[in-house]
Amino acid sequence: MAKTLYQLLNLPETATAQQVHSAFKTVERLHTGRHDDASLASLARAREAFLILSDAQRRLAYDRKLAMAQVAADSAIPLAERHRPFQLAPRQIMVAALLAVAAGLWLYRDYQKTERLAAAAESLLRQQEWLAQQNRGDRQQAQIEAERSLRQQQLEDANRLAERQLANQQRALELLQSQADTQSELKQQDIANSRLEMQYRKPELALELQQQKQQYAAAQRERALHQHDENIASINSLRAARIRAYDRGHTTGEISRSNPALDP
């Protein structure tokens, strides 16, 4: 008779999931490093048993199949006994009937237990699915909240940056305006100082202008006198030339019609 999955892992049928995991690890360590066909086959069967028994749904289906096989095995009668005349005593018949009733009650209770386990497993599966959906919803909501918080933070950072830039521009404009006001005040002060200096130097400048006018007038008189002297010298030179010419004319016997002493 083939071994059941529980027998492959040396486990009772009531073993927990932790016991199944520990038993498989034990079998795996036992066959690790061995490369013969028997060890590889045993390890493959143990791995298959672990995959079935560690899954609640697959284990429940296997338990049902195992229970049905057990009932079929218990109710089977050997072929040799079927052709043999029935020779049971009434006491044996009663014992057999009692055993059959007990077996039926046991099978019924086991069936109910299996159904309850199946219902519990299905309910647990629904709860796990609901929890998984709830966790996915919570994760999605948390992700949405995180993204919203990130966008809000980015928006606040952008607003703060824009406010700082605006404040810097405002300070720069105020600084430029202050510099312009300072330069304007300095220019006005320079103009006022220039006007004041001109006011203070006005008599001096008037005196310098008067002196320049007098110098110019003296230079003009000097040039006029010099020109007059040149004119007189030219006239005298011309007269002297005429007189010499008159003298030469009288010497040679020529008669002059003009008086060189009177002609200009």
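Residues numbered from 1 in each chain as written. Predicted model: local features only at pLDDT ≥ 70, side-chain atom pairs only at ≥ 80, totals over all residues. Heavy atoms only, no water.

Novice: Explain the overall build of the chain to me, please; I cannot follow it from the model alone.
Specialist: Each helix and strand counted, the chain has 6 helices and 0 strands in total. Taken over 264 residues, the chain has a buried fraction of 10%. Here the contacts in the chain between residues at least 6 apart in sequence split such that 53% fall between residues at least 24 apart. As displayed, the chain has an accessible area near 22100 Å², and 57% of this comes from carbon and sulfur atoms. (Helix = DSSP H or I, 4+ residues; strand = E, 2+ residues; numbered from the N terminus. Buried < 20%, exposed > 50% of the residue type's maximum accessible area, 1.4 Å probe, protein only. Contact = heavy atoms within 4.5 Å. Areas by Shrake-Rupley, 256 points an atom, 1.4 Å probe, with all protein chains shown as cover.)

Novice: Which parts of the structure should I look at to understand the pattern of salt bridges?
Specialist: Side-chain pairs of opposite charge can arise where the charged atoms are in close proximity. Under the definition given, this model contains 3 salt bridges. Linking lysine 25 and glutamate 28 is a salt bridge whose minimum nitrogen-to-oxygen distance equals 3.6 Å. Here glutamate 28 and lysine 25 lie together in helix 2 (residues 17–31), a separation of 3 residues that amounts to about one turn. On the accessibility criterion, glutamate 28 (24% relative accessible area) is partly exposed. Across the salt bridge formed by arginine 148 and glutamate 145, the nearest N and O atoms sit 3.5 Å from each other. Taken together, the positions of arginine 148 and glutamate 145, both in helix 6 (residues 90–252) and 3 residues apart, correspond to about one turn of that helix. Residue classification places arginine 148 among the partly exposed positions, given a relative accessible area of 46%. (Salt bridge = Lys/Arg side-chain N within 4 Å of Asp/Glu carboxyl O.)

Novice: Explain the confidence of the model for the chain to me, please; I cannot follow it from the model alone.
Specialist: A low pLDDT means the predicted coordinates there should not be read in detail. On average, residues of the chain score 80 in pLDDT, and 83% of them reach the 70 mark or higher. In the model of the chain, helix 5 (residues 79–82) stands out as the element of lowest mean pLDDT, 49, in contrast to helix 2, which has the highest, 91. (pLDDT = per-residue confidence, 0-100.)

Novice: Help me out: how do you make sense of the nonpolar core in this one?
Specialist: When a protein is soluble and globular, its nonpolar side chains tend to lie buried together. Counting 16 residues, the largest nonpolar core has Leu5, Tyr6, Leu9, Leu11, Val20, Leu53 and Tyr62 as its most contacted members. Elements with a contribution of two residues or more to this core: helix 1 (5–8), helix 2, helix 3 (37–53) and helix 4 (56–75). Once you skip the residues sitting within four places of it in the chain, tyrosine 62 turns out to touch Thr4, Leu5, Tyr6, Ile52 and Leu53. (Core = buried A, V, L, I, M, F, W, Y, C linked by side-chain atoms within 4.5 Å.)

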